[in-house]
Amino acid sequence: MQSHPGSQVAVSEEKRRRPSWLILSLGFGGLLTCIVVAAVGTLAALDRVRSNEVHSRKMFLERLSALDQIRAQIYLSGTYVRDFLLSPDPLTAQAQAAHLGPLERDTHNAIEAYRRNLEPEEREPFLALRKEIEAYWQVLDTTVGWTQQDRDRLRFSFFYNELVPRRTAMLQIADRIALVNERGLTRSEGQSASAAGNLRRYLMLTFAGTLGGGLILALVTIAFTLRLERELELRRSDLQELSTLLLRAQENERRALARELHDEIGQSLSAILMETEGAECAERRADLSSHLDSIKGLAEKTVNQVRDLALLLRPSMLDDLGLAPALNWHARETSKRTGLNVVVSADDAIDDLPDEHRTCIYRLVQEAVNNAVRHANARTVDVSVRKEGHKVNVTVRDNGAGFDTRFLRGLGLLGMEERVRRLGGRLKITSEPGRGTLVHAALPLSDLEKRNGHEADSYLVG
Ligand SMILES: Nc1ncnc2c1ncn2[C@@H]1O[C@H](COP(=O)(O)OP(=O)(O)OP(=O)(O)O)[C@@H](O)[C@H]1O
Ligand SMILES: [Mg+2]
């Protein structure tokens, strides 16, 4: 079974619009989030690279300065010891020896400062240097305790056999450490360069991702906009078609009304007029009574014609008696006129519906039944109107010829669709040649309508 393509436009459009809106919002939101995350990530990585660089340079300089201090203190201590050993005057010798205590402390402090920033590769030469320095100061401590005679006796051998070799060894170790320290700086510079390379790669990846995402989003947005434009264009041409059809229908209706007034009512009134003139001229009582009978018959016919015309335009019983009686009347009239068996089954609850809903349902049933009469060649038409929960279900089913809903579309079907759409409802027409036709409309009710029935009319209509 096929459904009328236009009959579900309102529903499918609603279904489609929400996900598109959601997809676009998610897409743009995601893209913006990506850009923000990438920017924050890049700044953080830049900060890390910079602070690593600053830190390793600072450590390098601190270690370099501690080594320089140690070297200077070793040289200075050698000078003081030499002056102490060579000094002929005990007092001057003591004064030179007194310099060594603070110098030894300074050396230990410098060693300690170096230890705090020690790199793993420097550990081995550093421990050797510390051992040498401690041994050196122990030797110096013993030396400053020498008497004048010891100094005179041992100074040259001490100078050349102890002081100079130890100092040379210490300075060599210090040079080794300085070399390792420099290598450390070079290594950390290499690490910074590789971190900068990683950052560059990360930036390029992020840029490519954002560009790709932006491109996809732009394509989706363009496709979405184009689809909307196409739909708008389709709607516009539908509207134009509808208004042309409406104008034509209005003109046809006026023509039919004029014909009805002229051919039927006008003819009857003319006939009454002629009969009246005939009655005026009648000489015999029998002629007069025949004219009067004829006038009465014509007047009754005219009254019926006027009533039929009025009922066709707007059945007054829809306002006076309610929807169910109006539908039953229409069914009876159609059955009488055409011989078609029209069966109406309607809830009493439907009479509480708002005016707009009642008019819509009446017109819809009227059009569907008229179609069944005009096009279906059906034997029976079943009409059902039921209030179910928060909606009203209207169905009109005939067992006639059916039709291909893909190709046929007239003002009647368009009108039904428009009426149902205006109330936020859904119209579905199911038919195929030889299998009859089912028209189904589901009209939603607002909470107020569900609770108050008629009271809601003014709210909706006004
Ligand atoms: N119940 C039906 N059985 C068979 N064919 C139908 C039925 N209802 C509609 N059709 C087909 O669909 C076409 C369109 O129907 P629609 O009511 O829109 O226009 P119409 O009845 O031809 O003209 P109008 O209603 O404007 O006077 C009809 O011409 C007819 O061919
Ligand atoms: Mg029709």
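On a predicted model such as this, the values are computed, not experimentally measured, just so you know.

1. Details of the overall build of the protein chain
Phase 1: Along its length, the protein chain carries 12 helices and 6 strands.
Phase 2: By the compact-globule yardstick of 23 Å for 462 residues, the protein chain is too spread out, its C-alpha radius of gyration being 55 Å.
Phase 3: Here the C-alpha coordinates of the protein chain stretch approximately 190 × 40 × 35 Å along the principal axes.
Phase 4: When burial is assessed residue by residue, the protein chain has 34% of its 462 residues classed as buried.
Phase 5: Long-range pairs, those at least 24 residues apart, make up 74% of the contacts in the protein chain between residues at least 6 apart in sequence.
Phase 6: For the protein chain, the exposed area adds up to about 27,900 Å²; of that, 57% sits on carbon and sulfur atoms.

2. Focus: the coordination of the magnesium ion (ligand 2)
Phase 1: On the protein side, the magnesium ion (ligand 2) has Glu367 (OE) and Asn371 (OD1) as donor atoms, found 2.0 to 2.1 Å from it. One end of the pair, glutamate 367, and the other, asparagine 371, are both in helix α9 (residues 355–376), 4 residues apart, so they sit about a helical turn from each other.

3. Comments concerning helix α6 (residues 285–313)
One turn of an α-helix holds 3.6 residues; hence residues three or four places apart share an orientation.
Phase 1: Its 29 residues give α6 an end-to-end C-alpha distance of 42 Å, which sits within 8% of 42 Å, the value for a rise of 1.5 Å per residue.
Phase 2: Restricting attention to buried positions, one finds in α6 the residues Ile295, Leu298, Thr302, Gln305, Leu309 and Leu311.

4. Description of the site of ligand 1
Phase 1: Taken together, 15 residues lie near ligand 1, and Glu367, Asn371, His375, Gly410 and Leu413 sit nearest.
Phase 2: Between arginine 374 and ligand 1, the recorded distance is 2.9 Å, taken from a side-chain N or O atom to an oxygen atom.
Phase 3: Histidine 375 is positioned with one of its side-chain polar atoms (N or O) 2.7 Å from an oxygen atom of ligand 1.
Phase 4: At the level of elements, α9 and α10 (411–422) are the ones that each hand at least two residues to the shell around ligand 1.
Phase 5: Among the elements that take part in the shell around ligand 1, α9 stands out by supplying 6 residues, more than any other.
Phase 6: Its residues assigned to classes, the shell around ligand 1 comprises 6 nonpolar, 6 polar and 3 charged.

5. Observations concerning the domain arrangement of the protein chain
Phase 1: By domain assignment, the protein chain separates into domain 1 (2–220) and domain 2 (322–461).
Phase 2: Taking only C-alpha atoms, the centre of domain 1 and the centre of domain 2 are 87 Å apart.

6. A word on a nonpolar patch on the surface
Phase 1: Together, Phe207, Leu211, Leu215, Leu219, Ile222 and Leu226 line one region of the surface with nonpolar side chains, adding up to about 630 Å² of accessible area.
Phase 2: Within the secondary structure layout, leucine 211 lies in helix α5 (residues 148–281).

7. Considering the pairing of strand β4 (residues 391–398)
Phase 1: Bridge count for strand β3 (residues 380–388) against β4 is 8 bridges, and the pairing is antiparallel. Residue pairing for β4: valine 381 is matched across the bridge by aspartate 398.
Phase 2: Counted between consecutive antiparallel strands, the loop separating β3 from β4 contains 2 residues, among which glycine 389 sits at a positive phi close to 60 degrees.
Phase 3: Note: β4 against strand β6 (residues 437–444), 8 bridges, orientation antiparallel. In the strand pairing of β6, lysine 391 is matched with proline 444.

8. Section: the UniProt feature "transmembrane region" (unreviewed entry) in the protein chain
Phase 1: Here, the residues flagged by UniProt with the feature "transmembrane region" (unreviewed entry) are residues 21–46 and 202–226.
Phase 2: The distance from the first to the last C-alpha atom of residues 202–226 is 35 Å, and the span holds 100% helix and 0% strand.

9. A look at the pairing of β3
Phase 1: With 6 bridges connecting them, strand β2 (residues 341–346) and β3 associate as parallel partners. Bridge assignment links valine 344 to a residue of β3, and that residue is valine 383.

10. Let's talk about the confidence of the model for the protein chain
Phase 1: Mean pLDDT for the protein chain: 85, with 92% of residues reaching 70 or above.
Phase 2: Scored below 50 in pLDDT, residues 1–17 shows 35 contacts in the model against residues more than four places distant or in partner chains.
Phase 3: Low pLDDT, under 50, characterises residues 450–462; the stretch is placed with 23 contacts to residues that sit more than four places away or in other chains.

11. Remarks on the packing of α5 against α6
Two numbers describe a pair of packed helices, the interaxial angle and the distance between the axes.
Phase 1: Here α5 crosses α6 at 160 degrees, and the two axes come no closer than 9 Å. By the angle between their axes, α5 is roughly antiparallel relative to α6. Classified by chirality, the crossing of α6 by α5 is left-handed.
Phase 2: Residue composition of the contact of α5 with α6, grouped by class: 14 nonpolar, 7 polar and 4 charged.

12. Structural notes on the nonpolar core
Phase 1: Core analysis: the biggest nonpolar cluster contains 41 residues, and Ile361 and Val383 have the highest contact counts within it.
Phase 2: With 9 residues, α9 is the single largest residue contributor to this core.
Phase 3: Residues in contact with isoleucine 361, not counting those within four places in the same chain, are Leu323, Leu353, Val385, Val392, Val394 and Leu443.
Phase 4: With 31 residues, the next largest nonpolar core counts Ala97, Leu103, Ala110 and Leu163 among its residues.

13. A few points about the pattern of salt bridges
Phase 1: Summed over all chains, the structure comprises 22 salt bridges.
Phase 2: Arginine 63 is the partner of glutamate 122 in a salt bridge, and the nearest nitrogen-oxygen pair spans 3.4 Å. Residue glutamate 122 is located in the loop between α3 (100–116) and α4 (123–143), and its partner arginine 63 is located in helix α1 (residues 9–86); the two are separated by 59 residues in the primary sequence. For the pair shown, glutamate 122 and arginine 63 are each scored as buried.
Phase 3: For the salt bridge of arginine 176 with glutamate 124, the shortest nitrogen-to-oxygen distance reads 3.3 Å. One end of the pair, arginine 176, is in helix α5; the other, glutamate 124, is in helix α4, with 52 residues separating them in the sequence.
Phase 4: The class of glutamate 124 is exposed, set by a relative accessible area of 55%.

What counts as what
Think of each chain on its own: its residues are numbered from 1, step by step along the sequence as written. Each chain gets a letter, beginning with A, and each ligand a number, beginning with 1, in the order they are written. At least 70 in pLDDT is required for a residue's local features to be given in this predicted model, at least 80 for side-chain atom pairs to be given and counted, and no such filter applies to totals for whole chains, interfaces and linings, which use all residues. Side-chain calculation: all heavy atoms of the structure are included, whereas hydrogens and water are not. Helix and strand assignments follow DSSP, with helices taken as H or I runs no shorter than four residues and strands as E runs no shorter than two, numbered in order from the N terminus. Just to be clear, the radius of gyration here is over C-alpha atoms, and the globule rule we use is 2.2 Å times residues to the power 0.38. Note on exposure labels: buried denotes an accessible area under 20% of the residue type's maximum, exposed denotes more than 50%, and partly exposed covers the range between, all computed with a 1.4 Å probe on protein chains only. Note on contacts: a residue pair is in contact if any heavy atoms of the two residues lie within 4.5 Å. Per-residue accessibility takes into account occlusion by the displayed protein chains alone, with areas from the Shrake-Rupley method and a 1.4 Å probe. Only nitrogen, oxygen and sulfur atoms qualify as donors, provided they sit within 2.8 Å of the metal or within 3.2 Å for Na, K and Ca; with water excluded from the atoms, sites may seem incomplete. To estimate how far a helix should reach, multiply one less than its number of residues by 1.5 Å. Near, as used in this document, describes a residue that has one of its heavy atoms within 4 Å of the molecule or strand being considered. A 3.5 Å cut-off defines polar contacts: any pair of N or O atoms within that distance qualifies, except that in protein one atom must be a possible hydrogen donor and the other a possible acceptor, and neighbouring residues in sequence count only when both atoms are side-chain atoms. Amino acids outside the nonpolar list (Ala, Val, Leu, Ile, Met, Phe, Trp, Tyr, Cys, Pro) and the charged list (Asp, Glu, Lys, Arg) are all regarded as polar, and Gly is one of them. All the domain ranges listed were derived from an automatic or database domain assignment. Put simply, a patch holds well-exposed residues, over 30% relative accessible area, that have no salt bridge, with like charges counted together within 9 Å and Val, Leu, Ile, Met, Phe, Trp or Tyr side chains within 5 Å. The working definition used for a salt bridge is a side-chain nitrogen of Lys or Arg within 4 Å of a carboxyl oxygen of Asp or Glu. Should DSSP find at least two bridges between two strands, the strands are taken to pair. UniProt positions are given in the numbering used here, feature names are shortened, and annotations may be inferred rather than shown by experiment. Per-residue confidence from the predictor is reported as pLDDT, which spans 0 to 100. Think of each axis as a best-fit line through the C-alpha atoms, taken over the contacting stretch in the case of a helix, with angles from 0 to 180 degrees between the N-to-C directions. Angles are sorted into four bins: roughly parallel if under 35 degrees, roughly antiparallel if over 145, roughly perpendicular if 65 to 115, and oblique for all others. What makes a crossing left-handed is the near helix being turned counterclockwise from the far one by less than a right angle; a clockwise turn instead makes it right-handed. Side-chain atoms within 4.5 Å are what join buried Ala, Val, Leu, Ile, Met, Phe, Trp, Tyr and Cys residues into a set we call a nonpolar core.

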